[in-house]
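What follows is the residue order along each chain.
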Amino acid sequence: MIDRRAAIAGTIGAALLAGRSEAQTAPPAVSGNHLPPVLPEPTETIDLWPAGAPGMPAQAPVETVTERSTDSMINDRAMAGIVRPRMVVFRPRVANGAAILIMPGGGYARVVVDKEGYELARWLAARGITAFVLFYRLPGDGWTAGPDVALSDAQRAMRLIRSRARDFGIAPDRVGAMGFSAGGHLCSDLVARFAARIREGTDEADAHSPRPCVAALIYPVVTMRAPLAHASSRALLLGKDASPANEDRHSPNLHVRSDSPSTFIVAAEDDDTVPVENSLLMRAALKAAGVPVETHLFTHGGHGFGLRRVAGRPAAIWPELFLNWAATQGFA
């Protein structure tokens, strides 16, 4: 653990280091005519694989960022064809020693930039938490790791954060993870299979643990079994004709361990995209393994609400509920 003064010193030191760090791939940006960013854009990124991501397909994906919003006051960008997986960093003015890796959703067809990424990152950073938004590779793009490609990126991201903990003024034992929708499946996979050996280590960062200290699953995709599986996420992750064995291999609720991290789950009962039973399956698996779990099911909210779509509703309190719970788990 590090104290507040060490965290402040680490934040100042990191700011100095940022000016002389190696060039990194820029954050996602829309080309051509589009809505301008409504809020100041982040500028700091960390490439997961500086020498290039492993297992490149024969035909490399082409990164594209699409602005889907028609409201000049709200950005709603989505990124596809991710070829250089990276984290976009949101530093608080004063780091409190905690950090969260955010995995946005997008149905494994894309990764949402704003609604489940930057908006939560800004909210967390305003409360002293260093936030890292992960733009992970997509399994349908043909990477050698196949269905495990996104998990490989999530493991690598956790290790890199811990390897640079001093630079960011964070404590290595206070690094959590949060995922939304298909990103919730990725986060669930990290909860259950954080120790999965997908690739050999390549540098000192890989010596660090990828296990989150706490995890938050927000309206997560979990099971790959019909009829509860989210069909399009399943098809992109496993293919349309996946065997039952492959479905089970990539259903995180079937792989929860006794040393999986304490987990916070949020969903809405009226979710008509990802059945709320996905959350209940993960809760039951965590309970059966003796892992602490807190679950909040709201009557209204639908799917993909993030922060913006539950304003003024009871579900709007979920981020505060998460932080209050995380404090009881030694995170914040």
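Everything quoted here is computed from the prediction, not taken from an experiment.

J.: An account of the overall build of the chain is needed here, citing residue identities and associated values.
T.: The number of helices and strands found in the chain is nine helices and eleven strands. In summary, the chain has a C-alpha radius of gyration of 18 Å against a globular reference of 20 Å for 332 residues, a match within 12%. If one aligns the C-alpha atoms of the chain with their principal axes, the spans along those axes are about 50 × 45 × 45 Å. Counting only residues that meet the buried cut, the chain has 56% of its 332 residues in that class. Put simply, 79% of the contacts in the chain that link residues at least 6 apart link residues at least 24 apart. Approximately 13800 Å² of the chain is accessible, and the part contributed by carbon and sulfur atoms is 53%. Taking the 34 positively charged and 33 negatively charged side chains of the chain as two groups, their mean positions are separated by 4 Å.

J.: Break down the sheet that holds strand 4 (residues 86-90) for me, with residues and values.
T.: Read from one edge to the other, the open sheet built from eight strands follows the order 1-4-7-5-8-9-10-11, with strand pairing classed as mixed. Each having just a single partner strand, strand 1 (45-47) and strand 11 (293-298) make up the two edges of the open sheet. Strand-to-strand twist of the sheet, defined as the mean angle between neighbouring strand axes without regard to direction, takes the value 20°. Relative to strand 8 (residues 175-180), strand 5 (residues 99-103) runs parallel, the two sharing five bridges. What sits directly across from Leu-101, in strand 8, is Ala-177.

J.: So what's going on with helix 6 (residues 231-238)? Which residues, and what values?
T.: All of the buried residues in helix 6 are Ser-233, Arg-234, Leu-237 and Leu-238. Buried positions in helix 6, seen along its axis, are confined to an arc of 100° and lie on one side of it. Next to the buried residues of helix 6 lie helix 5 (182-193) and helix 7 (244-249). Positioned one or two residues after helix 6, Gly-239 has a phi angle of 95°, which is positive.

J.: Describe in detail unusual backbone geometry, supporting the description with residues and values.
T.: Of note, the amide linkage connecting Ala-226 to Pro-227 takes the cis form, showing an omega dihedral of 5°. Mapped onto the secondary structure, Pro-227 falls in the loop between strand 9 (214-218) and helix 6. Backbone geometry places Tyr-219, a non-glycine residue, at a positive phi of 35°.

J.: Can you lay out the environment of Arg-122 for me, pointing to particular residues and giving the numbers?
T.: You can see Arg-122 is positioned in helix 2 (residues 114-125). Taking the C-alpha atoms as reference points, Arg-122 and Arg-93, 29 residues apart in sequence, are found 11 Å from one another. Ignoring anything within four residues of it in the chain, the contact list for Arg-122 reads Leu-39, Pro-40, Glu-41, Pro-42 and Phe-90.

J.: Now, about the confidence of the model for the chain: what can you tell me, with residues and values included?
T.: When the pLDDT values of the chain are averaged, the result is 91; 91% of them are 70 or greater. Here residues 1-21 scores under 50 on pLDDT; set against residues more than four positions off or in separate chains, the count is 26 contacts.

J.: Lay out the packing of helix 3 (residues 149-163) against helix 5 in plain terms, naming residues and giving numbers.
T.: Taken N-terminus to C-terminus, the directions of helix 3 and helix 5 make an angle of 70°; their axes are 10 Å apart at the nearest point. What the angle tells us is that helix 3 and helix 5 run roughly perpendicular. Considering only the axes of helix 3 and helix 5, their crossing is right-handed. Contacts between helix 3 and helix 5 involve Ala-150, Leu-151, Ala-154, Gln-155 and Met-158 from the former and Leu-186, Asp-189, Leu-190 and Arg-193 from the latter.

J.: Tell me about the nonpolar core, and please be specific about residues and values.
T.: Formed by 94 residues in total, the largest nonpolar core has its most connected members in Met-87 and Met-103. With eight residues, helix 3 is the single largest residue contributor to this core.

J.: Go over the pattern of salt bridges with me, naming the residues and quoting the values.
T.: Across all of its chains, the model carries 20 salt bridges by this definition. Asp-206 is the salt-bridge partner of Arg-156, the closest N and O atoms lying 3.0 Å from each other. Of this pair, Arg-156 sits in helix 3 while Asp-206 sits in the loop between helix 5 and strand 9; the two residues are 50 residues apart in sequence, bridging distant segments of the chain. When sorted by exposure, Arg-156 lands in the same class as Asp-206, which is buried. The closest approach of N and O atoms between Asp-259 and Arg-257, which form a salt bridge, is 2.7 Å. Residue classification places Asp-259 among the partly exposed residues on the basis of a relative accessible area of 32%.

About the thresholds
Residues numbered from 1 in each chain as written. Predicted model: local features only at pLDDT ≥ 70, side-chain atom pairs only at ≥ 80, totals over all residues. Heavy atoms only, no water. Helix = DSSP H or I, 4+ residues; strand = E, 2+ residues; numbered from the N terminus. Rg over C-alpha atoms; globule rule 2.2 N^0.38 Å. Buried < 20%, exposed > 50% of the residue type's maximum accessible area, 1.4 Å probe, protein only. Contact = heavy atoms within 4.5 Å. Areas by Shrake-Rupley, 256 points an atom, 1.4 Å probe, with all protein chains shown as cover. Lys, Arg positive; Asp, Glu negative; His and termini not counted. Charge placed at Lys NZ, Arg CZ, Asp CG, Glu CD. Pairing = 2+ DSSP bridges. Axes fitted to C-alpha atoms, helices over the stretch in contact; angles between N-to-C directions. Arc of directions from axis to C-beta. pLDDT = per-residue confidence, 0-100. Parallel < 35°, antiparallel > 145°, perpendicular 65-115°, else oblique. Left-handed = near helix turned anticlockwise from the far one by under 90°. Core = buried A, V, L, I, M, F, W, Y, C linked by side-chain atoms within 4.5 Å. Salt bridge = Lys/Arg side-chain N within 4 Å of Asp/Glu carboxyl O.

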